[in-house]
Amino acid sequence: ISYVAMAILVYFFTIEYKPFIATYRMLSEVTTNISEGIVFFDEKNVCIYGNHSAREMLGYTTERAEHAWEELMRVIAGEGFDIEDVTKEGFFQCVRDYEFAGEVRTFEMEYQKVLDKRGRYTGAFVSVKDRTEEQKKLNEERYAATHDKLTGLYNSDYLYSRIEKRLREDPETRYIVVTSDIKGF
């Protein structure tokens, strides 16, 4: 019996335990200093590693890590997409808004399926980049380009383009446009 117990221990520490520790250390070393979040899943879609950036961005704790696959796939797939279609393709990239700690953040997410040499599914990874600040700046620039600084109303260029678009969409309707010039205001 002691030989059997010893054989089981040898098997566990050489075949199962060491590769897991080596894999974890390797993933940790490679992804520690990366600003984007990276989450790795095994062939059963169980989260095996998420770097600090991913845990911070997405608010994952050890308790929530077991649900990471479902949550990330729901966010990546978004409304109108089927999770099966996303995972079947093997690669999917998107920009999505994600509510975290009461704040809506914009993330660029990329899903990549990992296959072995024989083409069998061995897992996947998801990279996450926080694009919230870039999106805010873009929205501010868009607003500044289409609105008057003093009044906050549409500027003349944007107003004319909106009127032209509306007239093209519904040419049968009669419209009345009232304008006012307030020079010297």
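What you see is a predicted model, and the numbers here were worked out from it, not measured in a lab. (Residues numbered from 1 in each chain as written. Predicted model: local features only at pLDDT ≥ 70, side-chain atom pairs only at ≥ 80, totals over all residues. Heavy atoms only, no water.)

A.B. asks: Teacher, can you tell me more about the packing of aromatic side chains here?
C.D. replies: Geometry of an aromatic ring pair is reported as the spacing of the ring centres plus the angle between the planes. What the rule picks out here adds up to two aromatic pairs. When the centroid spacing of 6.0 Å and the interplanar angle of 45 degrees are considered together, the rings of F40 and F125 count as tilted. Of this pair, F40 sits in strand β1 (residues 37–41) while F125 is found in strand β5 (residues 121–130), placing the two residues 85 residues apart along the sequence. For F40, a relative accessible area of 19% puts it in the buried group. Arranged with centres 4.8 Å apart and planes meeting at 70 degrees, the rings of Y154 and Y158 form a pair that is edge-to-face. (Phe/Tyr/Trp six-rings, centres within 6.5 Å; stacked < 30°, edge-to-face > 60°. Helix = DSSP H or I, 4+ residues; strand = E, 2+ residues; numbered from the N terminus. Buried < 20%, exposed > 50% of the residue type's maximum accessible area, 1.4 Å probe, protein only.)

A.B. asks: In this structure, what is going on with the pattern of salt bridges? I would like to understand it.
C.D. replies: Per the stated rule, a full pass over the model turns up eight salt bridges. Of the charged contacts in the structure, one is a salt bridge between R105 and D130, with a shortest N-O distance of 2.5 Å. Residue R105 is located in strand β4 (residues 103–115), and its partner D130 is located in strand β5; the two are separated by 25 residues in the primary sequence. Classification of R105 by relative accessible area gives buried; the value is 16%. Residues E134 and R131 are paired through a salt bridge, measuring 3.3 Å at the closest nitrogen-oxygen approach. Given the relative accessible area of 25%, R131 is considered partly exposed. Through salt bridges with shared partners, a single ionic network connects E108, K129, R131 and E134. (Salt bridge = Lys/Arg side-chain N within 4 Å of Asp/Glu carboxyl O.)

A.B. asks: Got a minute to help me understand the environment of A124 in this structure?
C.D. replies: Note on placement: A124 falls in strand β5. Between the C-alpha atoms of A124 and F40, which are 84 residues apart in sequence, the distance is 6.0 Å.

A.B. asks: What is the right way to read unusual backbone geometry from this model?
C.D. replies: Most of the time, phi is negative for any residue but glycine, and the peptide bond is trans. One non-glycine residue, N45, lies in the positive phi region at around 60 degrees. Tracing the sequence through the fold places N45 in the loop between β1 and β2 (47–50). Owing to a relative accessible area of 24%, N45 belongs among the partly exposed residues under this scheme.

A.B. asks: I would appreciate a short explanation of the environment of Y49 in the present structure.
C.D. replies: Along the chain, Y49 turns up in strand β2. Counting along the chain gives 76 residues from Y49 to F125, while the straight-line C-alpha distance between them is 9.4 Å.

A.B. asks: Is there a simple way to explain the side chain of R105 in this structure?
C.D. replies: Here the side chain of R105 touches E103 through a polar contact of 3.1 Å, side chain to side chain. There is a polar contact of 2.5 Å between the side chain of R105 and the side chain of D130. Not counting chain neighbours up to four residues away, the residues in contact with R105 comprise R96, D97, Y98, D130 and T132. (Polar contact = N/O pair within 3.5 Å; in protein donor to acceptor, adjacent residues only side chain to side chain. Contact = heavy atoms within 4.5 Å.)

A.B. asks: Could you clarify how one ought to interpret the confidence of the model for the protein in this entry?
C.D. replies: The predicted coordinates of low-pLDDT regions are not to be read in fine detail. Confidence in the prediction of the protein, expressed as mean pLDDT, is 76, and 69% of residues score 70 or more. Confidence, expressed as mean pLDDT per element, reaches its minimum in the protein at helix α1 (residues 2–31) with 56 and its maximum at helix α5 (residues 132–146) with 92. (pLDDT = per-residue confidence, 0-100.)

A.B. asks: Got a minute to help me understand the side chain of E108 in this structure?
C.D. replies: Note that E108 resides in strand β4. A polar atom in the side chain of E108 sits 2.9 Å from the side chain of R131. When neighbours within four sequence positions are excluded, E108 is seen to be in contact with Q93, C94, V95, S127, V128, K129 and R131.

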